[in-house]
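Structural overview for review
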Amino acid sequence: MTSELAEHVSAVRLVDHHVHGAFTADLDRADFETHLNEGSPEPVPEWMTQFDSQLGFAIRRWCAPVLDLPAHATADEYWARRAELGVRTVTERFLRAAGVSDWLVDTGYGADAILDVDGMAAASGGRGHLIVRLESLAEGMAADGVSGRDYADEFGARLERAARHAVGVKSILAYRCGFDIDLSPPTPQAVATAAGRWLDSGGTRLADPVLLRHGLHAAVRLGLPIQIHTGFGDRDLDLHRANPIHLLDFLRSPGVADVPIMLLHCYPYHREAGYLAQAFANVHFDVGLAINHIGVRSTQVVAESLELAPFAKQLYSSDAWGPPELHHLGAVLWRRAVGRVLGRWVDDGDWSAADALRVVDMIGGGNARRVYRLE
Amino acid sequence: MTSELAEHVSAVRLVDHHVHGAFTADLDRADFETHLNEGSPEPVPEWMTQFDSQLGFAIRRWCAPVLDLPAHATADEYWARRAELGVRTVTERFLRAAGVSDWLVDTGYGADAILDVDGMAAASGGRGHLIVRLESLAEGMAADGVSGRDYADEFGARLERAARHAVGVKSILAYRCGFDIDLSPPTPQAVATAAGRWLDSGGTRLADPVLLRHGLHAAVRLGLPIQIHTGFGDRDLDLHRANPIHLLDFLRSPGVADVPIMLLHCYPYHREAGYLAQAFANVHFDVGLAINHIGVRSTQVVAESLELAPFAKQLYSSDAWGPPELHHLGAVLWRRAVGRVLGRWVDDGDWSAADALRVVDMIGGGNARRVYRLE
Amino acid sequence: MTSELAEHVSAVRLVDHHVHGAFTADLDRADFETHLNEGSPEPVPEWMTQFDSQLGFAIRRWCAPVLDLPAHATADEYWARRAELGVRTVTERFLRAAGVSDWLVDTGYGADAILDVDGMAAASGGRGHLIVRLESLAEGMAADGVSGRDYADEFGARLERAARHAVGVKSILAYRCGFDIDLSPPTPQAVATAAGRWLDSGGTRLADPVLLRHGLHAAVRLGLPIQIHTGFGDRDLDLHRANPIHLLDFLRSPGVADVPIMLLHCYPYHREAGYLAQAFANVHFDVGLAINHIGVRSTQVVAESLELAPFAKQLYSSDAWGPPELHHLGAVLWRRAVGRVLGRWVDDGDWSAADALRVVDMIGGGNARRVYRLE
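Residues numbered from 1 in each chain as written. Chains lettered and ligands numbered in written order. Predicted model: local features only at pLDDT ≥ 70, side-chain atom pairs only at ≥ 80, totals over all residues. Heavy atoms only, no water.

A few words on the overall build of chain A. Across its full length, chain A carries 16 helices and seven strands. A compact globule built from 375 residues would reach a C-alpha radius of gyration of about 21 Å, and chain A, at 21 Å, matches this within 12%. Projecting the C-alpha coordinates of chain A onto the three principal axes gives extents of approximately 60 × 50 × 40 Å. Taken over 375 residues, chain A has a buried fraction of 66%. A separation of at least 24 residues holds for 75% of the contacts in chain A among residues at least 6 apart in sequence. Accessible surface for chain A amounts to roughly 12400 Å². Of this, 50% is attributable to carbon and sulfur atoms. Here chain A contributes 35 positively and 49 negatively charged side chains, and the mean placements of these two sets differ by 3 Å. (Helix = DSSP H or I, 4+ residues; strand = E, 2+ residues; numbered from the N terminus. Rg over C-alpha atoms; globule rule 2.2 N^0.38 Å. Buried < 20%, exposed > 50% of the residue type's maximum accessible area, 1.4 Å probe, protein only. Contact = heavy atoms within 4.5 Å. Areas by Shrake-Rupley, 256 points an atom, 1.4 Å probe, with all protein chains shown as cover. Lys, Arg positive; Asp, Glu negative; His and termini not counted. Charge placed at Lys NZ, Arg CZ, Asp CG, Glu CD.)

Quick look at the structure:
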């Protein structure tokens, strides 16, 4: 790798276009290890440690030095030092070391335990921007009380209000019903009926396909960029039904082409995501979340993400939630991956060095600044 | 890489076993950029350029020198020089530099804008061979006028006539209904009924599953190699429903084992294609089209294509249509990929150099010459 | 790669946690070549040789020296030497050279032609352990005679008896109905009815979904580790319906979490398998079978298998059946892959050398010894 590219990759200020807050309080080691496992909500079995994973090894390699430890410090050493420094110091060190100028924060999950948009800005020294989660908006509305007949109007009004302070919205429909269903806009009558049924049954976790589709298409009409969870996530979702390729009919449907669609995560279906980002001018994607969890293998997945999609259609994200190691590692591993992958192409003469610098800027932040109109 | 292998890879005369004609007329830059995007028929948005893609970078790296420019010339420089030389010179330079001895040309799409079989031969200095597209044959028949009752007989007669001058046929059923349906041969009565209905409705774009299946099985009876579009293509198709693994029941059905089945493109399902090429003696495949569009990443995809399939079952193709850069890049990138991948294996002692030379000859042209009986 | 890691990788005694016996008799070359093709039961066509494949090249590279030939000996030389030495010598050389301490042997397929558990132990100098194949147990019971009404009780009794001498059970449900069906436990009445129907129809190849599900859940109640064939196998199965991701509902169902689930093979769906091994504490997986058949490419697939799954959840297997080259190559190619992949990470500073040694021990044997309680 040319030293110019290496320096540029390590210095570029990133936009983390999909992230959540870092923990506000200290936690114990068992909880910490559970949060290193994205797929499972259960405690780590006693016959293993979640540190023995690519993520665990990456934490010991890249996060230990941020806490003044040598690279590859043991899990016990790491945990002792982390506890000694305390949540505030640990969080600030990791967030600041990430080199992120802008955090686009989805506050729709577990908000009680994590920093909000302003908290992320303050702790990191960067800027925070709000992403509104559609399903949380609906669930909040149900908690406040609304009738099935007023559901659509009230949802639209709340979405518009929330959007005034937001740069985008997000759908976790993948967690609630999968993409391999009819995703066309429901009729007003169908929405009223489904809303009445859902509200009558308590109006908690929104999993009604009609209301999920309604929320998605309300967002389409709103016009802000729509982030859609696809691929890797916890075992609540059916991974294969969250393959973004099942969004084809949705992407072809009227009106959708007019709003940026941001496919999040995508792993292990990032090649399908890259295809969609070539085939539809409004589709963008990232390989966040997986990058953290697969550690050293992020180099390969970043390389696989650089196939069909034009370079204007890819973004950086960490999708970190909770441990600020994740916010930091997303940036460290993305920089490392992109530096190694592009650096190799430059060394081999396939790419020019100037092009490599440009593409780093585009994916690292430029594309996000354009899509979300951050400046 | 041994210099013997490097020299052999760069000198071997290829058979491009699935390709279309190059443009016959000059076009403007916007049109050119649109044709660098396989997935979308739409104009490239004004906030990006399709040159900022792996294909665009590969054009600037590998095609610029063919037009007397330095490698990595800018898009503007490239476009200016290309316009200056004109379509005839540009086409001849790229086709001749590809080092292709035989082009197997599917003329079934957009024939008005591109060179025909003889035109390709003349412009390239190689030989041209015809591939008959089944769906175009049916649509031509409908345009000429035929009754539903005579459809099957007339289709059979036309297919046989066309086949006299062809080395193979092709199906784009993937574009019209996907593979995840019943692909067994329909009854004569069902064909007559479906044909009547299709002809009554105008007999244009053939998308009736019964008639598509009929065409496919007529080709099976004919006995020529059958090329089947699978995987990557424009967004008209449902990518996941074009996964060749859905052809399993078709491949197991009576009679199909007696005719060579050529799975085209396959990306990102080339591992499934490799599996089918191991599991069925008559199944062959290529990773054309993707090779062009993913540029430097073609090395990885070629490597992934060299897993389960015996080496007698893989072929080279570009699937180029329109810009002759695509005809050229297919060959350049395949040579580069195979040289690097096999060269590494020879360097590491996993393969012998003699074996590597043999496999280059098989995939580069020998397998195609055997299957299509080119000599 | 550090010399310490290289030495460790080549010396570590493996547990082959899923394997079958080696041939007991000499065979002719045509039969041998057929057995180098996992996907197809048909003779190799006369216009090719199965030696021209990654597996064939790997045999000539790695197995030839075990028979005193130079690396890359020709197929003819290899075959002549193999025939000269005879089955007993060939088998002993390959099994002993594999460096396997424990073979977990599934005897449920083609038992007449291959070594049994004791035969494998004797020929290899290692220990043998029995894996009971559920479907074979049911078919044996049908051959002995049982009524539909007694089916469930008798199956349970036989399973319990067989399990006294076994370390695990195996299901080949993937071959008989695929995973994309209801895999919940059937009612006793449904089992009795289905059993009666199957037994009346002859009670040979068990393909009734009710009885297959019954067998699987009987194994869950038994509590021994359950090996499940997923992914790559012969063309009898629908590869995509054997994607382990379709087991999600089964894995979420009551009781299943209490028993180790061992996903076998998984290729080309090993990333989905790695996801499941992160998401469910009881799920483990391997990339056996593919490793043999893709030869030098095993390095890449082993790397791909080291992404989401914690390192305590992966195992080594060869899934060899018949030619003892397969028993040997599984070990050779796994050692080579893991040495190269982990060695690179250590060289680059991503992993510590000590961690690499630990992970080799875990995947090579430690995890299997823990799960199957081998010591």
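Our focus in this paragraph is the sheet that holds strand 3 (residues 127-133) of chain A. Residue and element names in this part refer to chain A. Read from one edge of the open sheet, seven strands run 1-2-3-4-5-6-7, paired in parallel fashion. Strands with a single pairing partner mark the edges of an open sheet, and in this sheet they are strand 1 (14-19) and strand 7 (283-285). Averaged over all adjacent pairs, the angle separating strand axes in this sheet is 25°, with direction ignored. Where strand 3 meets strand 4 (residues 166-171), four bridges bridge the pair, whose relative direction is parallel. Its bridge partner lying in strand 4, Val132 is registered against Val169. (Pairing = 2+ DSSP bridges. Axes fitted to C-alpha atoms, helices over the stretch in contact; angles between N-to-C directions.)

Expressed as a screw transformation, the operator carrying chain A onto chain C has a rotation angle of 120° and an axial translation of 0.0 Å, and the superposed copies differ by an RMSD of 0.0 Å. Such a turn and shift between the copies fits a three-fold axis. Across chain A, the smallest distance between a C-alpha and the rotation axis is recorded for Gln300 of chain A, namely 5.9 Å. An asymmetric contact is evident, with only 5% of the interface residues of chain A recurring at the interface of chain C. (Least-squares fit on C-alpha atoms with pLDDT ≥ 70 in both.)

Taken residue by residue, the interface counts 39 residues in chain B and 34 residues in chain A. Here chain B packs against chain A, burying approximately 3100 Å² in sum over the two surfaces, 53% of which is carbon and sulfur. Counting the contacts that link chain B with chain A gives seven salt bridges. Close ionic contact of Asp52 of chain B with Arg358 of chain A constitutes a salt bridge, the shortest N to O distance being 2.8 Å. One can count 24 residue pairs in polar contact (both at pLDDT 80 or more) joining chain B with chain A. Mapped by element, the contributors of at least two residues to the side of chain B that touches chain A are helix 3 (54-63), helix 14 (298-305) and helix 15 (324-347) of chain B. The element contributing the most residues to the side of chain B that touches chain A is helix 3 of chain B, with five residues. For the side of chain B that touches chain A, the class distribution of residues is 14 nonpolar, 12 polar and 13 charged. (Buried area = accessible area lost by both parts, 1.4 Å probe. Salt bridge = Lys/Arg side-chain N within 4 Å of Asp/Glu carboxyl O. Polar contact = N/O pair within 3.5 Å; in protein donor to acceptor, adjacent residues only side chain to side chain. Nonpolar A, V, L, I, M, F, W, Y, C, P; charged D, E, K, R; others polar.)

A separate point is the side chain of Asn37 of chain B. Tracing the backbone through its elements, the reader meets Asn37 of chain B in the loop between helix 2 (29-34) and helix 3. Separated by 3.1 Å, the side chain of Asn37 of chain B and the backbone nitrogen of Ser40 of chain B make a polar contact. Among residues more than four places away in sequence, those in contact with Asn37 of chain B are Gln278 of chain A together with Gln50 and His293 of chain B.

Here chain A shows a mean pLDDT of 97. Residues at 70 or above account for 100%. Both scores are given for the predicted complex: the pTM is 0.98, the ipTM 0.98. (pLDDT = per-residue confidence, 0-100.)

Structural alignment of chain B on chain A gives an RMSD of 0.0 Å, achieved by rotating through 120° and translating 0.0 Å along the axis. Here only 5% of the interface residues in chain B have copies in chain A that are interface residues too; the copies meet through unlike faces.

All names here are of chain C. Burial runs high along strand 6 (residues 261-265): five of the five residues are buried. For strand 5 (residues 226-230) and strand 6, the ladder comprises five bridges, and the chain directions are parallel. Paired with Thr230 across the bridge in strand 6 is His265. With three bridges joining them, strand 6 and strand 7 (residues 283-285) adopt parallel strand pairing. Note on strand 7: the bridge partner recorded for Ile261 is Val283.

On to the pairing of strand 3 of chain A. Residues and elements named next belong to chain A. Bridge analysis of strand 2 (residues 100-106) against strand 3 gives five bridges, and the strand direction is parallel. In the sheet register, Asp102 faces strand 3, and the bridge partner there is Arg127. On the question of chirality, the crossover connecting strand 2 to the parallel strand 3 by way of helix 5 (residues 117-124) is right-handed. (Right-handed = clockwise from strand over helix to strand, strands pointing away.)

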